[in-house]
Amino acid sequence: VLREFRNRQMLGILWREIGGVTDLSSTLASLSDLADVLIECTSNHVRAGLGTRFGEVLAKDGCPMSLIVLAMGKLGGQELNFSSDVDLVFVYPADGESNGRRQLSANEYFTRWARQLVALLDETTEHGFVYRVDTRLRPFGDSGPLVVSLAALEAYLMQHGRSWERYAYVKARIVGQCSNAGVADELMEDLIRPFVYRQYLDYGIFESLRDMQALIAAEVRSRELASNIKLGPGGIREIEFIVQSLQLVRGGADRKLRERTLLRVLPQLAHGGGLKSASATALAEAYRFLRRLENFMQAIRDRQTHDLPENDADRQRIALAMGYPEWQQLESDLRKYRTEVGRQFSEIAFRGDSNSGRSELAQQIAGLWDGASSAADWSGGFSEMGLDNPEALSSVMEAFSRLPAMRQIDSVSRRRAGDFISALIPQLKKSKRPAVALERILKISEQIVRRSAYLALLNENPAVLERLVSLCEGSAFLAGEIARFPVLLDEMIDPGCYAGELSADDMRADLHRRFSAMDDHDSEQRIETLAQFQRAMIFRIAVADFSGSLPIMKVSDRLTELAELVLNSVLDVAWSDVSSRHGEPWFDAGDGPRRAGFGIIAYGKLGGMELSYGSDLDLVFLHDSQGNGQQTNGERSVENSVFFARLVRRLVHFLTTQTGSGMLYQVDTRLRPDGQSGLLVTSVEAFERYQEANAWTWEHQALLRSRPVAGSATVARDFERVRSDTLRHRIRRDQLLPDVLTMRRKMRKQLDKSTAGQFDLKQGEGGIGDIEFIVQYLVLKSAADHPAVIHYTDNVRQLGTLCAAGCLDEVDAHGLQQIYKDYRLRLHRLVLDGQPPMVGMDEFHTERDEVCAIWAREMAGPASSTLL
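Residues numbered from 1 in each chain as written. Predicted model: local features only at pLDDT ≥ 70, side-chain atom pairs only at ≥ 80, totals over all residues. Heavy atoms only, no water.

Trainee: Quick question: what am I supposed to make of the packing of aromatic side chains here?
Mentor: What describes a pair of aromatic rings is the distance from one ring centre to the other and the angle between the planes of the rings. Using the criterion set out here, one finds 20 aromatic pairs in the structure. Aromatic side chains Phe289 and Tyr324 sit 6.4 Å apart centroid to centroid with 85 degrees between the ring planes, which places their arrangement in the edge-to-face category. Taken as a pair, Phe289 in helix H11 (residues 277-299) and Tyr324 in the loop between helix H12 (312-322) and helix H13 (327-349) lie far apart in primary sequence, 35 residues in all. The exposure class assigned to Tyr324 is buried, which follows from its relative accessible area of 17%. One residue, Arg6, lies across the ring of Tyr131, its end atom 6.0 Å from the ring centre. The ring of Phe773 has Arg744 lying over it, and the distance from NZ or CZ to the ring centre is 5.4 Å. (Phe/Tyr/Trp six-rings, centres within 6.5 Å; stacked < 30°, edge-to-face > 60°. Helix = DSSP H or I, 4+ residues; strand = E, 2+ residues; numbered from the N terminus. Buried < 20%, exposed > 50% of the residue type's maximum accessible area, 1.4 Å probe, protein only. Lys NZ or Arg CZ within 6 Å of the ring centre and 35° of its normal.)

Trainee: Please explain the sheet that holds strand S10 (residues 628-632) as it appears in this structure.
Mentor: In any sheet, the strands associate via hydrogen bonds between backbone groups, in a parallel or an antiparallel arrangement. Strand order in the open sheet made by the three strands is S7-S6-S10, with antiparallel pairing throughout. Edge positions in the open sheet fall to strand S7 (593-595) and S10, since each of these has one partner strand only. Averaged over all adjacent pairs, the angle separating strand axes in this sheet is 20 degrees, with direction ignored. Pairing of strand S6 (residues 585-588) with S7, which is carried by three bridges, proceeds in the antiparallel orientation. Counterpart to Asp588 in the pairing with S7 is Pro593. (Pairing = 2+ DSSP bridges. Axes fitted to C-alpha atoms, helices over the stretch in contact; angles between N-to-C directions.)

Trainee: Can you walk me through the nonpolar core in this structure?
Mentor: The nonpolar side chains of a soluble globular protein tend to be buried with one another. Counting 106 residues, the largest nonpolar core has Ile421, Ile425, Phe598, Ile600, Leu619 and Leu655 as the members making the most contacts within it. Among the elements that make up this core, the one with the highest residue count is helix H25 (residues 552-582) (13 residues). Beyond its immediate chain neighbours, meaning those up to four positions away, Ile421 contacts Ile365, Trp369, Trp378, Met397, Phe400, Pro426 and Leu442. Of all hydrophobic cores here, the second largest spans 104 residues; its members include Met10, Ile68, Val91 and Ile174. (Core = buried A, V, L, I, M, F, W, Y, C linked by side-chain atoms within 4.5 Å. Contact = heavy atoms within 4.5 Å.)

Trainee: Help me understand helix H32 (residues 768-782) in this model?
Mentor: Side chains that are three or four residues apart share a direction in an α-helix, a result of its 3.6 residues per turn. A rise of 1.5 Å per residue sets the reference length of H32, with its 15 residues, at 21 Å; its end C-alpha atoms lie 21 Å apart and thus fit the reference within 8%. Extensive coverage of H32 is indicated by the burial of 14 of its 15 residues. (Expected span 1.5 Å × (residues − 1).)

Trainee: So what exactly am I meant to see when it comes to the side chain of His700 here?
Mentor: Looking at the secondary structure, you find His700 in helix H29 (residues 697-704). Ignoring sequence-local partners within four residues, the contact set of His700 consists of Gln691, Ala695, Thr726, Leu727, Arg730, Ile731 and Leu780.

Trainee: Is there a simple way to explain unusual backbone geometry in this structure?
Mentor: For residues that are not glycine, phi is negative in most cases, and the peptide bond is trans in most cases. In this structure, Gln78 is a non-glycine residue whose phi angle is positive, near 55 degrees. Secondary-structure assignment places Gln78 in the loop between helix H3 (73-76) and strand S2 (86-92). Residues other than glycine seldom take positive phi values, yet Met609 does so here, at roughly 55 degrees. Position of Met609 relative to the elements: it lies in the loop between helix H26 (604-607) and strand S9 (617-623).

Trainee: Explanation requested: the pattern of salt bridges in the structure shown.
Mentor: Opposite charge on two side chains makes pairing possible when the charged atoms of those side chains draw close. With the rule as written, the count across this model stands at 44 salt bridges. For Arg343, the salt bridge identified is with Glu340, shortest N-O distance 2.8 Å. With a gap of three residues between them, Arg343 and Glu340 both fall in helix H13, about one helical turn apart. On the accessibility criterion, Arg343 (38% relative accessible area) is partly exposed. Among the residues examined, Glu340 registers a relative accessible area of 23% and is labelled partly exposed. As a salt-bridge pair, Asp505 and Arg508 come within 2.5 Å of each other at their nearest N and O atoms. Taken together, the residues Asp505 and Arg508, both in helix H23 (residues 504-516) and three residues apart, mark about one turn of the helix. The exposure class of Asp505 is exposed, given its relative accessible area of 52%. Residue Arg508 is classed as partly exposed on the basis of its relative accessible area of 44%. Linked through salt bridges whose partners overlap, the residues forming this network are Glu688, Arg721, Asp725, Arg728 and Arg730. (Salt bridge = Lys/Arg side-chain N within 4 Å of Asp/Glu carboxyl O.)

What follows is the structure, given as structure tokens:
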């Protein structure tokens, strides 16, 4: 029955394929579905027979345990062809005994089950066979047991699993409806997925790819398989290797790449997965051609062959089925496809082969590394190589080689480290500060040497290593970020990282891509993903800043846009968490019930759109709930004030918690009404009362640099109204100048770190702080008569509005704008190189004098002289 059913179905599938009724993907899926049905029905038949004689093996919860059939290879990927073997691995949930009159151990019970299943499928009768079954992918291959327990499979993969098995398990899939659902989930999600997909970028897989290809190439030569469209050059196997290698490299970080079917995963690889779009398209076309050719070759006699036919009749049969008028045209296209596949395979598999064409210099470095050389040996070697300051270089190199971590690594990691050092040192010849670059790069290496896949990444991508040397030479900040978060090395693979074209839309699209593959209700995972995203975006912005691709104002814009995107995302997650427990907050202010709104107000650098690397976020939280019925509408209803308090605590927790990718932001909430003694979240109504009756002048100065950045549009409009009314009508202008000068004097006394030889860019006399206080004073002084001056929240545009309103001389306004930009550019450069905000007194001498002169003119009053 099995064989007759199989033959009828195969004939129908072949007929539809030849007639052009269906495409390749549907054909492969139909062949795979047929195999699934036949295997599952056969397994159920065997189970019924075993149950009659031996009963069932019960789990601890009393439920019967079932044999789990893992499909591997083409069947696992639902890509079965007409005469494929089916690669199967058999697993049972746990040990125990059957409950029949004759008891069997679980191992013996499930071994009988698997043997009978294989025999029913594999045996050739007068009706043929169902499938040739290959079980050699099981643990320990032919020498291992036919069936293993879940625990035994786990132990095997952890202790003995090899690289080629990771390739095989990419396509692993459970056949049929497994009655042990929880066990099936544990097998796939907790055991196989972590074995196949590493959490980090696993570029070490290319080494194993080259090893496997070398073995296959030797087999091709020994067996003369050049005409073999599967194993021969440019064949199906090379396409599978390309795709599976890139899946293994990036699949741990990108769930969309964990697809079993090759034609489905190829488009994903073209979207940030390591392939160009044109390359992915070419591989897909070649794969479709080769797999159709393979199908028709095998369908002629139901034989598993991959060798091109030599007799004319078979060639004409295949040409007809493939839609070609003659064999020669088919053969010409075949050569074209195989040439393209071979070219791409060579580019991917051998791009980082450190042993091919190794230079004499690299060999010399390798000798020093392998010989556990002293500082004197390294110094002599560096001198011979023509590197500047060999003593400093040798000291760094010798110290690195003797680190405890270097003595504890395994042979694979040490070999990769040696390849890395051999590639790194020649790059230093191009460096202006080789000792600085080497020290910073080796700090990174110290962090990644135990996870040597990161070293493999650098060995496989010479362009990334070259970029790394340049970045580390010029930026302690970037070097430190990579050392703390090595996953950032992946960002350096993308040439777009250096283009400086990152926009807010680009960031939104990137975050959407990362979130789209996640569970919407897993808040902790979403925050972890958000932290990874934020770290990557800050890194890309800093790289563009370092390379000069982004002007200073654009750098702050991008950092500000990133912070706003993160805040809105965190607010969504926090709101979802709290509202899922308590429902949504509602109230009735006399005009009918409506949902209460919540808003995040940014102050300081975020409010002024002048965010820098490592800046805190100064935040104030407002809601518009008032009147009657201030309750949430969930089953566990609470007052709105309780809801918003819990929301803010959750929000701040998400922003400040340490994830595997670091903290999102430090949050400062001290600018809220009544400071640290006040409520963490305030109603708009209470906020307005405070600004009218209790706010100090310094709080009005802070209000100048405030704006809504996340949450309810209604709350945002209400806040803008309160801000405008306050800045125009509630300023105590008779006390304004003394208050401003007193505050500046306190800040100068506490924060100015200037010395006789060093100038503090932020707080020194004539520095950034003085410019900000000039602007704040003039805007607060003029807002009642010239409301336009409060429209913007950043210093540069506030200076522009002061000039346009006639409140500041044009020359002074433009001068302060340019000086402010120059100061901030220098400050950014210092931050990127890990330096304090100090410069020599010989720098910015003219600029400081100009700021002091404007201060003297604009801040004239009885208290101003005491500051200067």
